[in-house]
Amino acid sequence: MTKKYSYLFFDLDNTFWDVRKNQQCALTELFAAHKMDRYFDSFPTFYDTFIDINTQLWLDYRDGLIQRETLRNDRFSKLLAHAGINDEKLTLQLSDSYLQITPHYNNLIPHSEEILAYLHEKYPLGLITNGFNEVQFNKIKYAGIDKYFKSVVTSEFAGVNKPNPAIFRYAMQQVGVTPDTSIMIGDDAYNDVFGASESGMDTVYFNLQETTCETPPTYEIRSLLELKNILQ
């Protein structure tokens, strides 16, 4: 028999909100709107360069090596520098446009709506997410899934990023629950599984990429629908 929980916490990006699909849509729009073909020989070159830069900057942000504004702007200044361009005005235009348009794309990971509707009838649900408030709240709004969550904790609210156990403790304190009756569900082995485990929570590793998780999760799934077997 599976354990009964009083509160379910979820990650957002790549657990429900499909980062790859939505990011590609947003960057396609950005590439056209700002005529980036002036500087890059193709969209794939623009896209791949951005992804490499953005991924590393997010790791630095997660680890507390850079601040929010550095992440927001450096990804585009570094992107332009890759093409030999030094244009502060264009950098800020790209940064602002990206943050405005990205949340409007609402591709979700398969079965997101179905499992949220199912679990919403049985448990209070919350989100714990690294990210900017203005972006994360708009993501769930435009994706139509904000109605399912009683609480949303971002790294901005908590003052720390996942996997720091403090963000999980903060999220639990906000809704008055304890680790022994809470569970964290997410796709990131380090941010979600390791971080939540360090705070004393049970975990579900949503292993979409079929990768090894160094911190053993309480449960492991390959499809969101498998949560029906765990959280009845």
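The shown structure was predicted, so the numbers you read here are calculated from the model rather than taken from an experiment.

(A) View of the packing of helix H1 (residues 19–33) against helix H2 (residues 43–62). Two numbers describe how H1 lies on H2: the axes approach to 11 Å, and their chain directions differ by 125 degrees. Considering their axes alone, H1 and H2 lie oblique with respect to each other. Between H1 and H2 lies a crossing of right-handed hand. For the pair H1 and H2, contact is made by Arg20, Gln23, Gln24, Leu27, Thr28 and Phe31 and by Phe43, Phe46, Tyr47, Phe50, Ile51 and Asn54, respectively. Counted by class, the contact of H1 with H2 contains seven nonpolar, four polar and one charged residues.

(B) Highlighting the nonpolar core. By size, the foremost hydrophobic cluster in this structure holds 30 residues, and its most contacted members are Leu8, Phe10, Phe16, Phe149 and Leu227. For this core, the secondary structure elements donating two or more residues are strand S1 (7–10), helix H5 (112–120), strand S2 (125–129), strand S4 (182–186), strand S5 (202–206), strand S6 (219–221) and helix H10 (227–230). Broken down by element, this core gets its largest block of residues, three residues, from H5. The contacts of Phe10, once residues within four sequence positions are left out, are Thr15, Phe16, Leu119, Leu125, Gly126, Leu127, Ile128, Phe149, Met184, Ile185 and Leu227. Grouped together as the second largest cluster of nonpolar side chains are 25 residues, Phe46, Tyr98, Phe132 and Val135 included.

About the thresholds
- Residues numbered from 1 in each chain as written.
- Predicted model: local features only at pLDDT ≥ 70, side-chain atom pairs only at ≥ 80, totals over all residues.
- Heavy atoms only, no water.
- Axes fitted to C-alpha atoms, helices over the stretch in contact; angles between N-to-C directions.
- Helix = DSSP H or I, 4+ residues; strand = E, 2+ residues; numbered from the N terminus.
- Parallel < 35°, antiparallel > 145°, perpendicular 65-115°, else oblique.
- Left-handed = near helix turned anticlockwise from the far one by under 90°.
- Contact = heavy atoms within 4.5 Å.
- Nonpolar A, V, L, I, M, F, W, Y, C, P; charged D, E, K, R; others polar.
- Core = buried A, V, L, I, M, F, W, Y, C linked by side-chain atoms within 4.5 Å.
- Buried < 20%, exposed > 50% of the residue type's maximum accessible area, 1.4 Å probe, protein only.

Purely geometric stuff here, so don't read any function into it on its own.
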